[in-house]
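Each chain, written out:
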Amino acid sequence: MNKPLWQPDPEQIKKTQLYRFTQEVRAETGLELENYQQLHQWSVQNSALFWSKLWQFTRVLCSSPSKQVLARADRFQETTWFEGARLNFAENLLRHRSEKTALISRLENGQRRTLSYSQLYGQVARVSAALRRAGVVEGDRVAGFMPNVAETVVAMLATTSIGAIWSSCSPDFGIDGVMDRFGQIQPKVLFCSDGYFYNGQVHSSLPTVRQITDRISGIELVVLVEVTGKTDPQGVPGSVTFSELIAGQEEPDLVFEQLPFDHPLYIMYSSGTTGVPKCIVHGAGGTLLQQLKEQQLHVDVRPGDVLFYFTTCGWMMWNWLVAGLASEATLLLFDG
């Protein structure tokens, strides 16, 4: 069967961001680039120029431009990208501060909440300030034992605005699965939910949270997010609720630490099918550029689009989904 099931017509193609990007490359290089295969081949053969052009096309925010896009390309393990560039991942996701809807959070029990871009920015500012007061600094690890809800996005953005490193697991992980991951990275702060909804039932996370805090001595702050309405902060010594964390303060200035292109952003993990999961550190600049490329060029995500991917916070697709904020999309977060 050689006939495609569907293909866009020429007018649809001309409206895509990929087509506009191709036209800009053609104008700059003088090349014809008549189809996707030719564009892809050019990008592989001219990788420094391709990524530099993508940086411009996606309007990456930075405080300092790079002195050299690609260095030591002939020595794979020594290769560096965008040397000298200084940027902040969270700043690029929070560049839009309008009243447009940024997040729609929907739970299995039907509960629905929304946050505008302006409200999201305000919550991130408050949580970031609270983390700084708690002593979180660049390079610290902050972990989320969280369902796919708005507070998880807020916590990640607050963490990365400081230059701390975010890592997350889904609350359906058992204690061994959590310790195989968080036990390796020794987080200073733990964001966790009181529980989650699944298959028509309420599942409490508090017994596992207590085991996590008992086993990881380096956790200095536990932030409990009220998801099921059965929060019992007394059951987790030293914890504070998310509501308490952001209450009682005017919106502080949100400081975005300007960091090197390859500054650690996320710690994710291999599946654990061949032994203990291996930590995988993702850099801020590379993650940002790759996700912008996939979403704007390949998926054609635009301002006002609603972006949904069914995922938990234990899978890298959650990290991919959240990056849609940089394209001014509305993210649909579903947990259940």
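That block above? That's the structure.
Residues numbered from 1 in each chain as written. Predicted model: local features only at pLDDT ≥ 70, side-chain atom pairs only at ≥ 80, totals over all residues. Heavy atoms only, no water.

Caption draft 1: Region of the structure containing the nonpolar core. By size, the foremost hydrophobic cluster in this structure holds 81 residues, and its most contacted members are Leu103, Leu120, Leu157, Phe191 and Leu325. Phe191 has contacts with Val127, Leu131, Val142, Ala143, Gly144, Phe145, Met146, Ala155, Trp166, Val223, Phe242 and Leu245, leaving out every residue within four places of it along the chain. Grouped together as the second largest cluster of nonpolar side chains are 21 residues, Val178, Phe182, Val236 and Tyr269 included. (Core = buried A, V, L, I, M, F, W, Y, C linked by side-chain atoms within 4.5 Å. Buried < 20%, exposed > 50% of the residue type's maximum accessible area, 1.4 Å probe, protein only. Contact = heavy atoms within 4.5 Å.)

Caption draft 2: Looking closely at the packing of aromatic side chains. This structure, assessed with the given rule, holds 13 aromatic pairs. For the ring pair Trp42 and Phe50, a centre distance of 6.3 Å and an interplane angle of 80° mean the geometry is edge-to-face. The interplanar angle of 25° and the centroid separation of 4.6 Å between the aromatic rings of Trp55 and Phe82 together place this pair among those described as stacked. You can see Trp55 sitting in helix H4 (residues 47–57) and its partner Phe82 sitting in strand E2 (residues 80–83), a full 27 residues away along the chain. Like Phe82, Trp55 is buried. (Phe/Tyr/Trp six-rings, centres within 6.5 Å; stacked < 30°, edge-to-face > 60°. Helix = DSSP H or I, 4+ residues; strand = E, 2+ residues; numbered from the N terminus.)

Caption draft 3: Just a nonpolar patch on the surface, in detail. Where nonpolar side chains cluster on the molecular surface, the patch consists of Tyr309, Trp315 and Met316 and spans about 290 Å² of accessible area. With respect to the helices and strands, the residue Met316 is situated in helix H12 (residues 316–322). (Patch = residues over 30% accessible without salt bridge, like charges linked within 9 Å, V, L, I, M, F, W, Y side chains within 5 Å. Areas by Shrake-Rupley, 256 points an atom, 1.4 Å probe, with all protein chains shown as cover. Salt bridge = Lys/Arg side-chain N within 4 Å of Asp/Glu carboxyl O.)

Caption draft 4: Layout of the packing of helix H8 (residues 175–185) against helix H9 (residues 206–215). The N-to-C vectors of H8 and H9 enclose an angle of 35°; their axes lie 10 Å apart at closest approach. As H8 packs across H9, the resulting crossing turns out to be right-handed. Of the residues in H9, those touching H8 at Ile175, Asp176, Val178 and Met179 are Thr208, Gln211, Ile212 and Arg215. Each residue belonging to the contact of H8 with H9 can be placed in one class, and the counts come to four nonpolar, two polar and two charged. (Axes fitted to C-alpha atoms, helices over the stretch in contact; angles between N-to-C directions. Left-handed = near helix turned anticlockwise from the far one by under 90°. Nonpolar A, V, L, I, M, F, W, Y, C, P; charged D, E, K, R; others polar.)

Caption draft 5: Spatial organisation of the environment of Glu32. Within the secondary structure layout, Glu32 lies in the loop between helix H2 (17–29) and helix H3 (36–45). Between the C-alpha atoms of Glu32 and Trp315, which are 283 residues apart in sequence, the distance is 40 Å.

Caption draft 6: Representation of the pattern of salt bridges. Overall, the coordinates contain 12 salt bridges when judged by the stated rule. Glu24 is paired through a salt bridge with Lys53; the nearest N and O atoms lie 3.3 Å apart. With Glu24 in helix H2 and Lys53 in helix H4, this pair connects stretches of sequence that are 29 residues apart. As a salt-bridge pair, Glu151 and Arg113 come within 3.0 Å of each other at their nearest N and O atoms. One end of the pair, Glu151, is in helix H7 (residues 150–162); the other, Arg113, is in strand E5 (residues 112–116), and 38 residues separate them in sequence. What emerges from the salt-bridge pattern is a single network uniting Arg20, Glu24, Glu28 and Lys53.

Caption draft 7: Representation of helix H11 (residues 284–298). With 15 residues, H11 ought to run about 21 Å at 1.5 Å a step, and its terminal C-alpha atoms sit 20 Å apart, in line with that. Of all 15 residues making up H11, 11 are buried, and the element is well covered by its neighbours. Ala284, Gly285, Thr287, Leu288, Leu289, Gln291, Leu292, Lys293, Gln295, Gln296 and Leu297 are the residues of H11 that are buried. At the C-terminal side of H11, Asp300 shows a positive phi close to 60°. (Expected span 1.5 Å × (residues − 1).)

Caption draft 8: Here's a closer look at the sheet that holds E5. What the four strands build is an open sheet, ordered E5-E4-E17-E16; its pairing is mixed. Among the strands making up the open sheet, the edge pair consists of E5 and strand E16 (306–308). Geometrically, the sheet is characterised by an average inter-axis angle of 20° between neighbouring strands, direction not taken into account. Strand direction decides the pairing type here: strand E4 (residues 101–107) and strand E17 (residues 330–335), joined by five bridges, are parallel. Its bridge partner being in E17, Ile104 is matched across the sheet by Leu332. The sheet strands contacting H7 are E4, E5 and E17, and the helix crosses E5 at an angle near 30°. (Pairing = 2+ DSSP bridges.)

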